Amino acid sequence: MEIIYNIRKKAAGLGRRIVLPEGAEERTIQAADIIIGEGIAEVILLGSPDRIKAEAARFGLKNIERATIIDPYNIPEEAEKRYVELMVKLRGDKGVTPEVAAKQLQDALYLAAVMVKAGDADGEVAGAINYTGDVLRPALQYVKTAPGISVVSGAFIMRIPDKSFGDEGTMLFADCAVSPDPTAQQLAEIAVSTARTARSLVDLEPRVAMLSFSTHGSAKHPMVDKVVEATRIAREMNPELIIDGEIQADTAIVLKVAELKAPTSPLKGRANIMVFPSLEVGNIAYKLVQRMAHAEAIGPVLQGMAAPINDLSRGCSVDDIVNVVAITACQSKS
Ligand code: ACO
């Protein structure tokens, strides 16, 4: 709770503009009212203005009057022209003609991604009523990745009740949300992106474990080789980073096991970032820790994108949306 409280407080001083493409959805509109009221961000709602105003009246929301509302079927002419030109420039070689672009802009998820790319919004949050893939695809196509990063991934900030893990119980797990089968290069980028997220969101100095079923050569397998290579690339990308791999999970987080199995490990059994070799492992691991260790799992925080876009769970609450908007505002650089 304290982490989220700090993130909301930090966001409130930034004045970022966050676009919410599911603008007429009832949890989104209630969240928008809180976000505006607490000054967490400026809000751009996409959707039918009549529907949005009717929903706001139904819930007695007053702050919504200060939101910008854009109807994807009636985009201001100057903006639409700019967006179409940008879209054709970025994806003309993939078959995006002015007609295709204009049609795509009627889809609020595309409009939101293009607004972010055009600099008319600092970040986007969606997913209360759309699947992860449908939220991500327009962003992957138009916003693209950050310089030096080719893969988008999703990290969870894990708050583990047993404070002996990570930093006072705080750890980051990745990738738990996006890339099913990363290459060694992509795995290295996931490690570097997660280290950045740790610093920028929770002021944590990263100690990264590149996880495997082997520690320092104890097993031989192409899957192990991938993690060894990823660790080498990550070190090359960021020589200052405290990182070790390939390493088993217990060796990464338990000092006694580390002393026995990896006495030279710079992690010293105190890793605070766990990088999993595939999405299967990452997604299963965070859910097990969440349920069996009663950990709070904040995220997924999407990382590696050129501008922050975050995906909600369809079961999200109003408060979850407010929190993810605050995270998105804090990730934004401009
Ligand atoms: N990073 C960067 N770019 C990517 C990535 C990535 N991880 N994945 C795809 N792209 C790019 C492609 O290169 C392509 O670019 P291009 O069109 O310019 O050539 C574009 O995005 C579209 O790629 P596709 O492969 O056509 O997109 P796809 O339909 O496969 O969707 C997606 C990509 C949505 C990320 C898919 O891999 C996916 O669904 N991943 C799993 C998401 C998921 O279900 N997670 C679990 C649930 S979340 C949870 O439990 C917390």
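Everything in this summary refers to the structure shown in the same document. Since the structure is predicted, the reported quantities are computational estimates derived from the model, not experimental observations. (Residues numbered from 1 in each chain as written. Predicted model: local features only at pLDDT ≥ 70, side-chain atom pairs only at ≥ 80, totals over all residues. Heavy atoms only, no water.)

What to know about the pattern of salt bridges
To keep things clear, this is the line we draw: Note on definitions: salt bridges are taken to be side-chain nitrogens of Lys or Arg within 4 Å of carboxyl oxygens of Asp or Glu. Here a helix means four or more residues in a row that DSSP labels H or I, a strand means two or more in a row labelled E, and each is numbered from the N terminus. For the exposure calls, accessible area comes from a 1.4 Å probe over protein chains only, and a residue counts as buried if that area is under 20% of its type's maximum, exposed if over 50%, partly exposed in between.
Per the stated rule, a full pass over the model turns up 17 salt bridges. Note that Glu236 is salt-bridged to Arg232, the shortest N-O span being 2.9 Å. Of this pair, Glu236 and Arg232 both sit in helix H9 (residues 222-237), four residues apart, roughly one helical turn. Residue classification places Arg232 among the partly exposed positions, given a relative accessible area of 40%. In this structure, a network of salt bridges that share partners links the residues Arg8, Glu38 and Asp319.

Things to note about the nonpolar core
Rule in force here: Definition of nonpolar core: a set of buried residues of the types Ala, Val, Leu, Ile, Met, Phe, Trp, Tyr and Cys, connected through side-chain atoms within 4.5 Å. We call two residues in contact when some of their heavy atoms are within 4.5 Å.
Among the nonpolar cores identified, the biggest contains 62 residues, and Met210 and Val325 are the most heavily contacted of them. No other element matches helix H8 (residues 184-202), which puts ten residues into this core. Discounting residues that sit within four places of it in the chain, Val325 has contacts with Ile18, Leu20, Ile35, Ile40, Ala41 and Val125. Core analysis: the next-biggest nonpolar cluster, separate from the first, contains 31 residues, Val84, Met87, Ala121 and Val152 among them.

A closer look at the sheet that holds strand S9 (residues 273-275)
Our working definition: Any two strands with at least two DSSP-identified bridges between them are counted as paired. Here an axis means a line fitted to C-alpha atoms, over the contact stretch when the element is a helix, while the angle between two N-to-C directions is reported on a 0 to 180 degree scale.
One open sheet accounts for six strands, arranged S8-S7-S9-S6-S5-S10; its pairing is mixed. Because the sheet does not close on itself, it has two edges, and the strands there are strand S8 (242-247) and strand S10 (296-303). Along the sheet, successive strands turn relative to each other by an average axial angle of 20°, direction set aside. Bridge count between strand S6 (residues 170-174) and S9: three bridges; the pairing is parallel. Pairing of Phe173 across the sheet is with Met274, part of S9. The sheet strands contacting H9 are strand S7 (207-211) and S8, and the helix crosses S8 at an angle near 170°.

Points about helix H3 (residues 49-58)
At 3.6 residues per turn, the α-helix brings residues three or four places apart onto the same side. Spelled out, the test is: Here the arc refers to the set of directions running from the helix axis out to each C-beta atom.
For H3, every residue scored as buried is listed here: Ile52, Glu55 and Ala56. Down the axis of H3, the buried side of the element spans an arc of 100°, and every buried residue falls inside it. In this structure, H3 carries Asp50, Arg51, Lys53, Ala57 and Arg58 as exposed residues pointing more than 90 degrees from its buried face. Residues of H3 that are buried in the fold lie against helix H2 (26-37), strand S2 (42-46) and strand S3 (68-70). Where H3 terminates, the next one or two residues include Gly60, which has phi positive at roughly 65°.

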